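Report on the structure
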Amino acid sequence: MSYLAIDLGAGSGRAIAGTFSNGKIELTEVFRFPNIPVKLNDTLYWNFLTMMTNVKESIRQAIIQGYQLKGIAVDTWGVDFGLLDESGMLLSNPVCYRDIRTRGMCEEMEKLISKEDMYSMTGIQAMEINTIFQLLSMIKSKSPLLSIARKILFMPDLINHYLTGISHTEYTIASTSQLLNVTSGGWEQSIFNHLEISPLLMLDIIQPSSFWGDLSPSLSTETGAENLKVFSVASHDTASAIAAIPEEGEDWAFLSSGTWSLLGVVTDKPILTDQARLADFTNEGGANGKILFLRNITGLWLLQRLLDEWRTNEGIIYSYDYLLEECKNSPVFRSTIDCDYPSFVNPLSMIKAIQDYCRNTNQLEPETKGQFVRCIFESLAIKYRDVMDCLQQITGKKYNRLFVVGGGSQNQFLNQCIADILGIEVITGLTESTAIGNIVQQAIANNELSGWEEARQVIYNTFSLTSYLPRKE
């Protein structure tokens, strides 16, 4: 018997089956699909109908490939949502967080609630992509959808709604919205009062590692899956990824390395100091009642955009192996950038944005592909060092190890660069960390694993960890 993790990212999705045997877990990818936003009339939407088609196909493919599924669970990126009317119908395709509608909304929100008060309530870094600013933009534009809407469901909750016919809001995904009180774990009433939005739009909050509902009869027939349970897991993909790290203690930090980089630590309680707020740290919900105290950093988005641009301009899809070899042959620290500089958020040309930044800061502009790639990797490592220094100042603790999870954990060049620049041990090996975290939470919810202690042991038994030590040069 197996569990199916459906992991949706802001560019692609995949379904991974996990089977437990002899104290280990075997993972197999059963389906992969694109998940690309669509621009229509100057608005960037998610194609939810195609998304649901691929979710259903994920289940069907698992059954076709012979998996006897005990359960499924969905995780996605944070902040985005759909609006349902009183009959439970989706009013519009959800809008992508990279849409321009939220520009200037942070400043508009400050007219209603001060930054200090907002942080003390939510513990969340103010980023224009957050749900609260998306809602404010709808209020400012007098969107008729808000007057019709009866439910707000975040992306994984929306998918689960259509899988089961049952509506909840999962805790970790809710925590990304900046609408949740980080201390109580419930919706912050005063925010809804300031926005003049009914809190009745928000649903009851369900915790990870619990039962959500049964797959609907119609979808059971359509997919061929019988008696299939849908579980609530830490449905913010970052939270499930960090849950897969089989480590306890307080001397380690994590780096979720993908389109975004998220660097932080797991804590029992939120950290709500002015120092944390001014340094743009956020307190997001984690699995097992934990808080992920972290900093959001622009990550491999920079490289992804370069790859897209080179493919468009030259008609060539460059492999990572080729780019890494070019990178190694390029001069060290020829030029570096601030990865979070506003011009890198969504430029028309990432090539030009990087070159403009270097020229404006009196540095040599990258010219070759190797120079661009080295610039990005070294700049990311420098940013991680600065954030780690700040993290240690805020918490008053020294972190000797950094666990890197996610797709970026496979990048040996970047991982060694991080170890060298931070001067600490970097540990990798959990490339499929989100799926691992998702699946072990399903097994805990289904009582196949007794709890997190057994889950950590299974992960240790299964996966070989790789260590990168700082080189002394």
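Definitions and limits used
Residues numbered from 1 in each chain as written. Predicted model: local features only at pLDDT ≥ 70, side-chain atom pairs only at ≥ 80, totals over all residues. Heavy atoms only, no water. Buried < 20%, exposed > 50% of the residue type's maximum accessible area, 1.4 Å probe, protein only. Helix = DSSP H or I, 4+ residues; strand = E, 2+ residues; numbered from the N terminus. Pairing = 2+ DSSP bridges. Axes fitted to C-alpha atoms, helices over the stretch in contact; angles between N-to-C directions. Parallel < 35°, antiparallel > 145°, perpendicular 65-115°, else oblique. Left-handed = near helix turned anticlockwise from the far one by under 90°. Contact = heavy atoms within 4.5 Å. Nonpolar A, V, L, I, M, F, W, Y, C, P; charged D, E, K, R; others polar. Salt bridge = Lys/Arg side-chain N within 4 Å of Asp/Glu carboxyl O. UniProt positions renumbered as here; feature names shortened; annotations may be inferred. Core = buried A, V, L, I, M, F, W, Y, C linked by side-chain atoms within 4.5 Å. Domains from an automatic or database assignment. Buried area = accessible area lost by both parts, 1.4 Å probe. Phe/Tyr/Trp six-rings, centres within 6.5 Å; stacked < 30°, edge-to-face > 60°. Lys NZ or Arg CZ within 6 Å of the ring centre and 35° of its normal.

This part covers the pairing of strand β16 (residues 291-298). For a regular strand, the rule is simple: side chains alternate between the two faces of the sheet. Most of β16 sits inside the fold, with 8 of its 8 residues counted as buried. Residue alternation in β16 divides its side chains into two sets, Ile291, Phe293, Arg295 and Ile297 and Leu292, Leu294, Asn296 and Thr298, and both sets are buried. With 8 bridges joining them, strand β14 (residues 260-267) and β16 adopt antiparallel strand pairing. Bridge assignment links Val266 to a residue of β16, and that residue is Leu292. Pairing between strand β15 (residues 281-285) and β16: 5 bridges, direction antiparallel.

Here the focus is the packing of helix α12 (residues 301-314) against helix α15 (residues 369-395). Contact geometry of α12 with α15 gives a least axis separation of 10 Å together with a crossing angle of 165°. Between α12 and α15, the angle is such that the two are roughly antiparallel. Judged by the sense of rotation from one axis to the other, the crossing of α12 with α15 is right-handed. Touching Leu302, Leu303, Leu306, Trp310 and Glu314 of α12 are Lys369, Phe372, Val373, Ile376 and Phe377, all from α15. Its residues placed into classes, the contact of α12 with α15 shows 8 nonpolar, no polar and 2 charged.

Attention now moves to the pattern of salt bridges. Enumeration over the complete set of coordinates arrives at 27 salt bridges. The residue Arg401 makes a salt bridge to Glu247 at a minimum N-O spacing of 2.9 Å. Here Arg401, found in strand β17 (residues 401-405), pairs with Glu247, found in the loop between α10 (237-243) and β13 (252-257); they are 154 residues apart in sequence, far enough to count as distant. The exposure class of Glu247 is buried, given its relative accessible area of 16%. In this structure, the salt-bridge partner of Asp274 is Arg277, at a minimum N-O distance of 3.7 Å. Pair noted here: Asp274 and Arg277 are both in helix α11 (residues 274-278), with a separation of 3 residues, about one helical turn.

Pairs of packed helices are described in terms of their axes, by the angle between the two and the distance that separates them. Where helix α13 (residues 320-328) meets α15, the axes come as close as 7 Å, and the angle between the chain directions of the two elements is 85°. For the element pair α13 / α15, the angle class is roughly perpendicular. Counting all contacts with α13, which are made through Tyr322, Leu323, Leu324, Glu326, Cys327 and Lys328, the residues of α15 involved are Lys369, Gly370, Val373, Arg374 and Phe377. Of the residues in the contact of α13 with α15, the class split is 6 nonpolar, 1 polar and 4 charged.

Our focus in this paragraph is the UniProt feature "domain: Carbohydrate kinase FGGY C-terminal" (unreviewed entry) in the protein. Look at the UniProt record and you will see "domain: Carbohydrate kinase FGGY C-terminal" (unreviewed entry) annotated at residues 254-445. Between the first and last C-alpha atoms of residues 254-445 the distance is 25 Å; the span itself is 47% helix and 19% strand.

The 7 strands are arranged β15-β16-β14-β13-β17-β18-β19 in an open sheet whose pairing can be described as mixed. With partners counted over all chains shown, the strands left at the sheet margins are β15 and β19 (466-468), one partner each. Each strand axis lies, on average, 30° off the axis of its neighbour in the sheet, ignoring direction.

Here Pro144 shows up in the loop between α4 (131-140) and α5 (145-148). Along the backbone, Pro144 and Asp338 are 194 residues apart, and their C-alpha atoms lie at a distance of 39 Å.

The next thing to look at is the nonpolar core. Grouped together as the largest cluster of nonpolar side chains are 57 residues, with contacts concentrated most on Ile354, Phe377 and Leu402. With 13 residues, the single largest contributor to this core is α15. With residues up to four places along the chain from it excluded, the contact list for Leu402 reads Ala253, Phe254, Leu255, Met388, Ile418, Leu422, Ile424, Glu425, Val426 and Ile427. Counting 38 residues, the second-largest nonpolar core is a separate cluster that includes Leu69, Leu153, Leu163 and Leu203.

Glancing now at the domain arrangement of the protein. Segmenting the protein into domains produces domain 1 (2-237) and domain 2 (246-429). A straight line from the C-alpha centre of domain 1 to that of domain 2 covers 25 Å. Facing 20 residues of domain 1, the contacting portion of domain 2 comprises 24 residues. Here domain 1 and domain 2 share an interface that buries about 1700 Å² over both sides, 57% of which is from carbon and sulfur atoms. Interface area lost by domain 1 to domain 2 is led by Arg98, Tyr119 and Gln125, which between them contribute 40%.

Inspection of every chain in the model, using the stated rule, returns 16 aromatic pairs. The interplanar angle of 15° and the centroid separation of 5.0 Å between the aromatic rings of Phe281 and Phe293 together place this pair among those described as stacked. Of this pair, Phe281 sits in strand β15 while Phe293 is found in strand β16, placing the two residues 12 residues apart along the sequence. Among the residues examined, Phe293 registers a relative accessible area of 0% and is labelled buried. If you follow Arg98 out to its NZ or CZ, it ends over the ring of Trp301, 3.7 Å from the centre. Sitting over the ring of Trp310, Lys369 keeps its end group 5.3 Å from the ring centre.

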